[in-house]
Amino acid sequence: MKKMVILGAGRLGCSLGLALKASGYSLSAITCAHKASAQQSSRILDLPSFYSQPEEAVPQGNFIFICVPDSQIRPLVRKLSRVEIDWSCRFVYQTSGLLSSSVLQPLKKLGARVASFHPIQSFSRKKTPPAHWKDIFITLEGDKEAITAAREIIQRIGARPIKLDSRNKALYHAACSLASNSLVSLISLASDLLEKAGLEKSLALEALKPLVNGTWKNLKKSSPAEALTGPIVRGDLMTVREHLKALKAFPLAREIYQRLGLLALELAEKRGLRPSQVRALRSWLQDK
Ligand SMILES: NC(=O)c1ccc[n+]([C@@H]2O[C@H](COP(=O)([O-])OP(=O)(O)OC[C@H]3O[C@@H](n4cnc5c(N)ncnc54)[C@H](OP(=O)(O)O)[C@@H]3O)[C@@H](O)[C@H]2O)c1
């Protein structure tokens, strides 16, 4: 029987615990760094208690999920490697997007089967409902047996496993950050510019939401090249020139507009934009 232990029941760990429980798994122990946080997580997870020390929690289960901040994984693993239990019947996963399963090497040496288990999803609160895991992708790299066991868990919680080469984790995680964190930064920048254009602060972000939703709907149905709209794919030089003039007072926004514009131009070329239009737009977008 699989008995789950979550070390670090924070935003991801607690959400994972909810998903595991909803899929019928037994959650036998959780820990947090602070008592108040552990109390909150045990309430959310409907557990009667929590463990204050990870060393006391690990003997309670055979599937250990390490969901602490990246910087805390190595010291925690060192601590765990001093726990005298039979590691050969245990599977240990860590959820960092950047670090590979090699951080779990001290436990592997003791016989544990180890892998990294990284959901390509953002969890902004502990109480994220299990539906948030539905159809998301979870990347795995590490021991064959740990990956096989994780695949079964992933499918049961409604997600989809992907195997990743550990050498590519940094590049993989940079890509995920671009799609999620950079998107948030970009929308925040656009909202600031709307304010400069005279919209009230409370309205600026609201006004962008239907636009972003509409764009996302288009992207869900088609490729990025097909989903692209706007002046670049139309070859509308005058509009791009006026945008760049208006952005002169905001150098960072202008630089981002130009860099992303060059990427949009590559997509526009795929869509068949005429070479003369591509050349003209490129010279404006490369203009300092
Ligand atoms: N959140 C996401 O969207 C997301 C998505 C994919 C992957 N991840 C990965 O998941 C991991 C956790 O991220 P998170 O966003 O869930 O962070 P978080 O909300 O800050 O949760 C971290 C948890 O670890 C506990 N903790 C911190 N230091 C510890 C230590 N030294 N020993 C034991 N427990 C400790 C914290 O306890 P306290 O609450 O008491 O401080 C908390 O329960 C990271 O590796 C991150 O890369 C997160």
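Whatever comes next refers back to the structure up there.
Residues numbered from 1 in each chain as written. Predicted model: local features only at pLDDT ≥ 70, side-chain atom pairs only at ≥ 80, totals over all residues. Heavy atoms only, no water.

A. The pattern of salt bridges, seen in detail. Under the criterion given, the structure shown has eleven salt bridges. Here Glu-145 makes a salt bridge to Arg-113, at a shortest N to O gap of 2.9 Å. In this pair, Glu-145 is assigned in helix H6 (residues 144-156) and Arg-113 in strand S5 (residues 113-119), connecting sequence segments 32 residues apart. Among the residues examined, Glu-145 registers a relative accessible area of 49% and is labelled partly exposed. Across the pair Glu-195 and Lys-201 runs a salt bridge, and its minimum N-O distance is 3.7 Å. Judged by its relative accessible area of 28%, Glu-195 is partly exposed. (Salt bridge = Lys/Arg side-chain N within 4 Å of Asp/Glu carboxyl O. Helix = DSSP H or I, 4+ residues; strand = E, 2+ residues; numbered from the N terminus. Buried < 20%, exposed > 50% of the residue type's maximum accessible area, 1.4 Å probe, protein only.)

B. Molecular detail of the sheet that holds strand S4 (residues 91-94). Read from one edge of the open sheet, seven strands run S2-S1-S3-S4-S5-S6-S7, paired in mixed fashion. Both edges of this open sheet fall to strand S2 (26-31) and strand S7 (160-163), since each of them pairs with a single strand only. If you compare each strand with its neighbour and ignore which way they point, the axes differ by 25° on average. Looking at chain direction, strand S1 (residues 3-7) and strand S3 (residues 63-66) are connected through four bridges and run parallel. Counterpart to Leu-7 in the pairing with S3 is Ile-66. Each of S4, S5 and strand S6 (137-142) is contacted by helix H7 (residues 169-196), which is oriented at about 20° to S5, the strand it contacts most. (Pairing = 2+ DSSP bridges. Axes fitted to C-alpha atoms, helices over the stretch in contact; angles between N-to-C directions. Contact = heavy atoms within 4.5 Å.)

C. Layout of the pairing of S5. Buried residues dominate S5, accounting for seven of its seven residues. Burial along S5 is two-sided: Arg-113, Ala-115, Phe-117 and Pro-119 facing one way and Val-114, Ser-116 and His-118 facing the other are all buried. Examined bridge by bridge, S4 and S5 share four bridges and lie parallel to one another. Residue pairing for S5: Tyr-93 is matched across the bridge by Ala-115. Examined bridge by bridge, S5 and S6 share five bridges and lie antiparallel to one another.

D. View of the site of the ligand. Near the ligand lie 21 residues; those nearest to it are Leu-12, His-34, Ser-37, Asp-70 and Phe-123. Taking Gly-10, its main chain carries an N or O atom lying 3.2 Å from an oxygen atom of the ligand. One nitrogen or oxygen atom from the main chain of Leu-12 is found 2.8 Å from an oxygen atom belonging to the ligand. When the ligand sits alone it has 900 Å² of accessible area, and the protein chains cover 78% of it. Counted by class, the shell around the ligand contains nine nonpolar, ten polar and two charged residues. (Near = heavy atom within 4 Å. Polar contact = N/O pair within 3.5 Å; in protein donor to acceptor, adjacent residues only side chain to side chain. Areas by Shrake-Rupley, 256 points an atom, 1.4 Å probe, with all protein chains shown as cover. Nonpolar A, V, L, I, M, F, W, Y, C, P; charged D, E, K, R; others polar.)

E. Focus on the environment of Arg-156. Relative to the elements of secondary structure, Arg-156 occurs in helix H6. Each C-alpha atom, one on Arg-156 and one on Ala-19, is 9.4 Å from the other, the two residues being 137 residues apart in sequence. With sequence-adjacent residues up to four places away left out, Arg-156 is seen in contact with Ser-23, Gly-24 and Tyr-25.

F. Inspection of unusual backbone geometry at higher detail. A positive phi angle is found at Asp-46, which is not glycine, with a value near 55°. Along the chain, Asp-46 turns up in the loop between helix H2 (35-44) and helix H3 (54-57). Classification of Asp-46 as exposed rests on a relative accessible area of 63%. Its identity as a non-glycine residue notwithstanding, Asp-135 has a phi of 65°, on the positive side. What makes Asp-135 partly exposed here is its relative accessible area of 40%.

G. The arrangement of the side chain of Gln-258 in detail. Within the element layout of this structure, Gln-258 appears in helix H12 (residues 251-270). In this structure Gln-258 comes out as buried when scored by relative accessible area, which is 7%. Separated by 3.2 Å, the side chain of Gln-258 and the backbone oxygen of Trp-284 make a polar contact. If sequence neighbours within four positions are ignored, Gln-258 has contacts with Leu-244, Trp-284, Leu-285, Gln-286 and Asp-287.

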